[in-house]
Amino acid sequence: MRAAVVERYGPPEVVSVRDLPDPVARKGQVVVRVRATTVNSGDARIRGCRFPRGFAVPGRLALGWRGPRRPVLGVVYAGVVESVGPGVIGISVGDEVAGMTGVAMGGHAELAAVRADRLTPVPAG
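Heads up: these notes are all about the structure in this document. Keep in mind that this is a model prediction, so the values were computed, not measured. (Residues numbered from 1 in each chain as written. Predicted model: local features only at pLDDT ≥ 70, side-chain atom pairs only at ≥ 80, totals over all residues. Heavy atoms only, no water.)

1. Things to note about the sheet that holds strand 5 (residues 96–100)
Selection rule: In this description, strands pair whenever DSSP reports at least two bridges between them. A helix here means a DSSP run of H or I that spans at least four residues, while a strand means a run of E at least two residues long, and both kinds are numbered starting from the N terminus. Lines fitted to the C-alpha atoms define the axes, with helices restricted to the stretch that makes contact. Angles between their N-to-C directions range from 0 to 180 degrees.
Across the sheet, which stays open at both edges, the five strands sit in the order 6-3-4-5-7 with antiparallel pairing between neighbours. The open sheet has two edge strands, strand 6 (111–115) and strand 7 (119–121), and neither has a second partner. Geometrically, the sheet is characterised by an average inter-axis angle of 45° between neighbouring strands, direction not taken into account. Across five bridges, strand 3 (residues 29–37) lies against strand 6 in antiparallel orientation.

Next comes the structure, spelled out in structure tokens:
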């Protein structure tokens, strides 16, 4: 799959599109083929290492010292379920869903493994 990867903090030019292995749905997860995502102010702050005054050191400790610990940013997504992991009920392959990845990030990719309890069905129409 292709993904927008950020290996070091910096301006938008530090983002590169790369091929990465497809994620696998673990227990309680589904893999979603991302059809829509956002680049919001939180993503831009993380990519640029622009934390509020007094949060630079805690931010780097939490997210990564020289670059994001999770190089595929993006917390908001909408797409179609590609596979379902063990223990997931009520969600099927082909379902249209939307949600947030939380601190796991990963929404800026063609495929994202996400917690099933953090998504919602997209209503028809």
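2. A closer look at the environment of Lys27
Along the chain, Lys27 falls in the loop between strand 2 (15–19) and strand 3. For the pair Lys27 and Gly42, spaced 15 residues apart in sequence, the C-alpha separation works out to 28 Å.

3. Re unusual backbone geometry
Stated precisely, the cut-off is as follows: Only protein chains enter the accessibility calculation, which uses a 1.4 Å probe. A residue is then buried if its area is under 20% of the maximum for its type, exposed if over 50%, and partly exposed in between.
The phi angle at Cys49 is positive, at roughly 55°, despite the residue not being glycine. Since its relative accessible area comes to 17%, Cys49 is described here as buried. The phi dihedral of Met105 is positive, around 50°, even though this residue is not glycine. Here Met105 is to be found in the loop between strand 5 and strand 6. Exposure remark for Met105: the relative accessible area of 9% places this residue in the buried category.

4. Things to note about the pattern of salt bridges
Definition in use: Salt bridge, as applied in this entry: a Lys or Arg side-chain nitrogen positioned within 4 Å of an Asp or Glu carboxyl oxygen.
Scanning all chains against the criterion turns up four salt bridges. Residue Glu110 is joined to Arg2 by a salt bridge in which the shortest nitrogen-to-oxygen separation is 3.1 Å. With Glu110 in the loop between strand 5 and strand 6 and Arg2 in strand 1 (residues 2–6), this residue pair connects regions lying 108 residues apart in the sequence. Accessibility expressed as a relative area gives 26% for Glu110, which makes it partly exposed.

5. Quick notes on the pairing of strand 5
Alternating residues of strand 5 divide into Val97 and Gly99, all buried, and Glu96, Ala98 and Met100, none buried. The pairing of strand 4 (residues 76–84) with strand 5 spans five bridges and is classified as antiparallel. If you follow Val80 over to strand 5, its bridge partner there is Glu96. In this structure, strand 5 lies alongside strand 7, joined through three bridges in antiparallel fashion. Residue Val97 lies in a different strand from strand 7, and its bridge partner there is Pro121.

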